Protein chains: 2
Amino acid sequence: MTRGTLFGLGVGPGDPELITLKAHRLLTTVPVVAYPAPEHGDSLARSIVASFLSPEQTEIAIRMPLDLNRFPVEAVYDQAAIDIAEHLDAGRDVAAICEGDPFFYGSFMYLFGRLSEQHQVEVVPGVSSLLACPAAAGAPLAARDDVLMICPGLVDEDEMLQRLANVDAAAIIKVGRHLGKVRRVLEALDLVDRAHYVEHATMADQVVLPFAEIDAAKVPYFSMILIHRRGEAWR
Amino acid sequence: MTRGTLFGLGVGPGDPELITLKAHRLLTTVPVVAYPAPEHGDSLARSIVASFLSPEQTEIAIRMPLDLNRFPVEAVYDQAAIDIAEHLDAGRDVAAICEGDPFFYGSFMYLFGRLSEQHQVEVVPGVSSLLACPAAAGAPLAARDDVLMICPGLVDEDEMLQRLANVDAAAIIKVGRHLGKVRRVLEALDLVDRAHYVEHATMADQVVLPFAEIDAAKVPYFSMILIHRRGEAWR
């Protein structure tokens, strides 16, 4: 019997119309769909593609416990890999979906690391929030010979300051609770008035603001700050 | 009369199945499609979506002269903006397509800079080669708190060396004739055995190689080198 293929499927930034034709074809034909989910409640990745799924498909929710100290993410993905491997060994293809793109800071890497040596794995790239946020802000990300820096909000303040110094263009991703630190870095580098803020790009609750107007108390995890030293990439 | 909207449409890295549902809907309904093209011959962007176009649509080929000293790119886009604006003013929507994503080192910025103040413009993000190349190489681009550097091959050797020093992950884009320089930089930083090479990702002539096996005489413009300091992003 032919063993199944694991597809790592990027489902884009949030608007269901921003999935690719290929992701749509696979999602509507594979017998098994897996997705990350919170301990309780709905999966964001699944919600993006919910209208494309059918009741005949088997679903695997990979649920992240709130208390990751007691039950670490590695253990969650160890079990998910076992569950998925059973389907692959039985000849059933599995689509593991994730928001944005599977290989751009995506949770799919946990499954890839566990399953790619023993199984057939194909990654289907998707539209990352890195591309959706500039489109939402009406601000080109990078052009010509710009050097572009992608920096997670989690990075230490000193390192962020050093990395962003003299940069042509930058995106600070997953800002969330790190906004205060980011603000200090941008002020030190005199980049505040060069910065756009975008949260939940392409979703119903999308927000686009100049940096100075952000409400620090309401910055979610899925948020991004875009910076261009020249102000506008095309000039 | 309602004026038309200019859509900046990313058509993805090459595989026609990697365009989004939204790009597909717009491409099959707008009356006018514009695309960059060489002075003679076929447009790469148009070739990606050729099967979705119909003879009823008006096409605008934005042709780049070989001799850009005598006829600069600015003059080409000045004329293209005038041609497109005529359609918009007459109430016709125009889809300006480009490979990958419009705002990620895309040629759409030239039209955006000329038309966005006077016309309604909407950017539809696409799958960039930045995401297609890691998928093709089976190598996650970045994960967790990695700082990721995107560096065009055109950048000066000293700057490239400085930017890539101590980086977690990097993509050197548009390598082409700059391979020799890139090789010297990677050797100086002891990153050669951490580097994957991808050209023409998702196209029929896709090539994926370890850095050491590249044939320097055959590196095209649409090529990329992916580097991860830990070797594999998920570890």
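Rules and cut-offs
- Residues numbered from 1 in each chain as written.
- Chains lettered and ligands numbered in written order.
- Predicted model: local features only at pLDDT ≥ 70, side-chain atom pairs only at ≥ 80, totals over all residues.
- Core = buried A, V, L, I, M, F, W, Y, C linked by C-beta atoms within 7 Å.
- Buried ≥ 20, exposed ≤ 12 C-beta atoms within 10 Å, placed from the backbone.
- Contact = placed C-beta atoms within 7 Å.
- Helix = DSSP H or I, 4+ residues; strand = E, 2+ residues; numbered from the N terminus.
- Nonpolar A, V, L, I, M, F, W, Y, C, P; charged D, E, K, R; others polar.
- Pairing = 2+ DSSP bridges.
- Least-squares fit on C-alpha atoms with pLDDT ≥ 70 in both.
- Domains from an automatic or database assignment.
- Axes fitted to C-alpha atoms, helices over the stretch in contact; angles between N-to-C directions.
- Expected span 1.5 Å × (residues − 1).

(A) Summary view of the nonpolar core. Within the largest apolar cluster, 163 residues are counted, with the highest numbers of intra-cluster contacts made by Leu226 of chain A together with Leu226 of chain B. Ignoring sequence-local partners within four residues, the contact set of Leu226 of chain A consists of Cys133, Pro134, Ala137, Ala139, Leu141, Ala171, Ala195, His196 and Val198 of chain A.

(B) Highlighting the interface of chain B and chain A. If you look at the interface, chain B gives 43 residues, while chain A gives 43 residues. Only α1 (21-27), α4 (108-115), β5 (120-124), α5 (129-137) and β6 (148-152) of chain B provide two or more residues apiece to the side of chain B that touches chain A. The element contributing the most residues to the side of chain B that touches chain A is β6 of chain B, with five residues. Here the side of chain B that touches chain A is built from residues that sort into 31 nonpolar, seven polar and five charged. Taken together, the three bridges between strand β6 (residues 148-152) of chain A and β6 of chain B define a ladder with antiparallel strand orientation. For Leu148 of chain A, the partnering residue across the bridge sits in β6 of chain B and is Ile150 of chain B.

(C) Region of interest: the relation of the copies chain B and chain A. Rotating chain B by 180 degrees and translating it 0.0 Å along the rotation axis places it on chain A, where the RMSD comes to 0.0 Å. The two molecules are tied by a two-fold rotation axis, judged by turn and shift. The position closest to the rotation axis in chain B is occupied by the C-alpha of Thr20 of chain B, lying 2.0 Å away. The share of interface residues of chain B whose copies in chain A are also at the interface is 100%, consistent with both copies meeting through the same surface.

(D) Structural detail: α4 of chain B. The buried count for α4 of chain B comes to six of eight residues, which makes it a mostly enclosed element. For α4 of chain B, the full list of buried residues reads Phe108, Met109, Tyr110, Leu111, Phe112 and Leu115 of chain B.

(E) Summary view of the pairing of strand β10 (residues 223-228) of chain B. Residues and elements named next belong to chain B. For β10, the tally of buried residues reaches six of six residues, placing the bulk of the element in the interior. The alternating pattern of β10 places Ser223, Ile225 and Ile227 on one face and Met224, Leu226 and His228 on the opposite face, and all of these are buried. Here strand β7 (residues 169-173) pairs with β10 via five bridges, running antiparallel. Along β10, the bridge assignment pairs Ala169 with His228. Here strand β8 (residues 195-199) runs beside β10; their pairing, made up of five bridges, is antiparallel.

(F) Focus on the domain arrangement of chain A. Residues and elements named next belong to chain A. Looking at the assigned domains, one finds that chain A contains domain 1 (5-124) and domain 2 (129-228). Taking only C-alpha atoms into account, the centre of domain 1 sits 28 Å from that of domain 2. Listed by partner, the interface residues are seven residues for domain 1 and eight residues for domain 2. Across the side of domain 1 that touches domain 2, the residue classes tally to four nonpolar, two polar and one charged.

(G) Representation of the pairing of strand β4 (residues 94-98) of chain A. Residue and element names in this part refer to chain A. Most of β4 is tucked away, with five of its five residues classed as buried. Here β4 shows two buried faces, one formed by Val94, Ala96 and Cys98 and the other by Ala95 and Ile97. The pairing of strand β1 (residues 5-10) with β4 spans five bridges and is parallel. Each residue of the ladder has a partner; that of Gly8, found in β4, is Ala96. Across three bridges, the pairing between strand β2 (residues 32-38) and β4 is parallel. Paired with Ala34 across the strands is Ala96, a residue of β4.

(H) The arrangement of the sheet that holds β1 of chain A in detail. Residue and element names in this part refer to chain A. Read from one edge to the other, the open sheet built from five strands follows the order β3-β2-β4-β1-β5, with strand pairing classed as parallel. One side of each edge strand has no neighbouring strand; the edge strands of this open sheet are β3 (58-64) and β5 (120-124). Across the sheet, the mean angle from the axis of one strand to that of its neighbour is 25 degrees, orientation sign disregarded. Pairing between β2 and β3: seven bridges, direction parallel. Its bridge partner lying in β3, Val33 is registered against Glu59.

(I) Just helix α3 (residues 73-89) of chain A, in detail. All names here are of chain A. Its 17 residues give α3 an end-to-end C-alpha distance of 24 Å, which sits within 8% of 24 Å, the value for a rise of 1.5 Å per residue. Buried-residue contacts for α3 involve β1, β2, β3, β4 and α4 (108-115). The positive-phi residue at the C-terminal boundary of α3 is Gly91, with phi of around 90 degrees.

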